[in-house]
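Residue-level structure breakdown
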Amino acid sequence: VGLSAALAFLFRFPQGLFFIAVILSIFLLNIKNFKLVIKQTLWCILGFVAALIPFLTFNYFMYHNDVSALVAAFRPILFASHQQFNPFYQNSWAYYPITLFKQNPFLVFSFVGLFFIIKRKNYNLPKVVLLVALTLFLLYFSLVPSKVLRFSLSFLPYLSLIAGFGFKISAVPFHLW
């Protein structure tokens with residue numbers, strides 16, 4: 001999982017939130033078994049770091065004459081962060097939920113899906129990762145001043161999965177499924 005999250009992070013930097021979601025999910029599910037939390041977390045971190053070392057090393061050797069070692073390693077991330085404050089795309093914190101529900105009314109079923117996932121309380125790693133990842137991505141992109149609908153592609157799959165579950169639950173009593 002750590003390796004996959006690192007590769008996603010290398011292609012789109014905000015995808016690093018998925019790694020944080022996995023680590024938080026491991027912690028939330030195994031909060032009483034601290035040894036298991038440490039073991040699973042270390043395996044995830046090892047995979048994440050293994051994929052990042054070539055990236056950071058390349059950046060260091062490419063840019064070390066211009067700036068310090070730490071800045072050189074993280075140069076692409078630092079340059080990309082300035083785009084977050086583009087004044088042409090500043091909207092309210094509720095921009096993504098409102099716009100997504102306007103463009104795809106099917107996503108309203110995500111409320112039903114969230115309700116039943118939380119109500120049933122039979123949590124496992126995929127469900128918790130899904131909920132934590134959706135929450136982290138939605139919070140991050142809602143707090144960044146520059147809001148563009150294309151950024152919602154990062155969390156739209158999670159929202160769609162929950163909406164699909166909500167639709168399935170809603171359709172069963174009416175024999176639509």
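A brief structural summary. (Residues numbered from 1 in each chain as written. Predicted model: local features only at pLDDT ≥ 70, side-chain atom pairs only at ≥ 80, totals over all residues. Heavy atoms only, no water.)

**Section: the packing of aromatic side chains**
Filter applied, for reference: Classification of ring pairs rests on two measures: the distance between centres of Phe, Tyr or Trp rings, Trp counted by its six-membered ring, which must be within 6.5 Å, and the angle between planes, read as stacked under 30 degrees, edge-to-face over 60 and tilted in between. Helix and strand definitions follow DSSP, with helices as H or I runs of at least four residues and strands as E runs of at least two, each counted in order from the N terminus. Residue burial is assigned from relative accessible area. The probe radius is 1.4 Å, only protein chains are included, and a residue is buried under 20% of its type maximum, exposed over 50%, and partly exposed in between.
Counted by the stated rule, this structure contains 14 aromatic pairs. For the pair F137 and F141, a centre-to-centre distance of 6.3 Å together with 10° between the ring planes defines the contact as stacked. Taken as a pair, F137 and F141 lie in helix 8 (residues 125-143) at a separation of four residues, close to a single helical turn. Neither F137 nor F141 differs from the other in exposure class; each is buried. On the numbers, 5.7 Å between centres and 20° between planes, the contact of F137 with Y158 is stacked.

**Regarding helix 8**
Stated formally: Take the number of residues in a helix, subtract one, and multiply by 1.5 Å to get its expected span. Whether two residues are in contact is decided by their heavy atoms, any of which lying within 4.5 Å being enough. For the purposes of these results, a polar contact is taken to be a pair of N or O atoms within 3.5 Å, where, inside protein, one atom must be able to donate a hydrogen and its partner to accept one; residues adjacent in sequence count only when each atom of the pair is a side-chain atom.
Taking 1.5 Å of rise per residue, 19 residues should cover 27 Å, and helix 8 covers 26 Å from first to last C-alpha, within 8% of that figure. The complete set of buried residues in helix 8 reads V128, V129, L130, L131, V132, A133, L134, L136, F137, F141 and S142. Its buried side turned inward, helix 8 meets helix 2 (16-29), helix 6 (95-103), helix 7 (109-120) and helix 9 (156-171). The backbone nitrogen of K127 lies 3.2 Å from a side-chain oxygen of the residue at the head of helix 8, namely N124.

**A few points about a nonpolar patch on the surface**
The condition that has to hold: Patch membership is restricted to residues that have no salt bridge and whose relative accessible area is over 30%. Joining uses 9 Å for like charges and 5 Å for the nonpolar side chains Val, Leu, Ile, Met, Phe, Trp and Tyr. In this description, accessible areas are obtained by the Shrake-Rupley approach with a 1.4 Å probe, and a residue is regarded as covered only by the protein chains that are shown. The salt bridge definition used is simple: a Lys or Arg side-chain nitrogen within 4 Å of an Asp or Glu carboxyl oxygen.
Taken together, F34, I38, L42, I45, V49 and I53 make up a surface patch of nonpolar side chains, about 530 Å² in accessible area. A relative accessible area of 39% means that I38 is categorised as partly exposed.

**Section: helix 7**
For the α-helix, the turn length of 3.6 residues means that residues three or four positions removed from each other point alike. As a reminder, the rule being used: Directions pointing from the helix axis toward each C-beta atom define the arc.
With twelve residues, helix 7 should cover 16 Å at 1.5 Å per step; its first-to-last C-alpha distance of 17 Å lies within 8% of that length. Regarding helix 7, the residues found buried are S110, G113 and I117. The arc that holds every buried residue of helix 7, seen down its axis, measures 55°, which confines them to one face. Turned more than 90 degrees away from the buried face of helix 7, the exposed residues are F111 and K119. Here the buried face of helix 7 lies against helix 6, helix 8 and helix 9. Remark: K121 follows helix 7 within two positions and exhibits a positive phi of approximately 55°.

Purely geometric stuff here, so don't read any function into it on its own.
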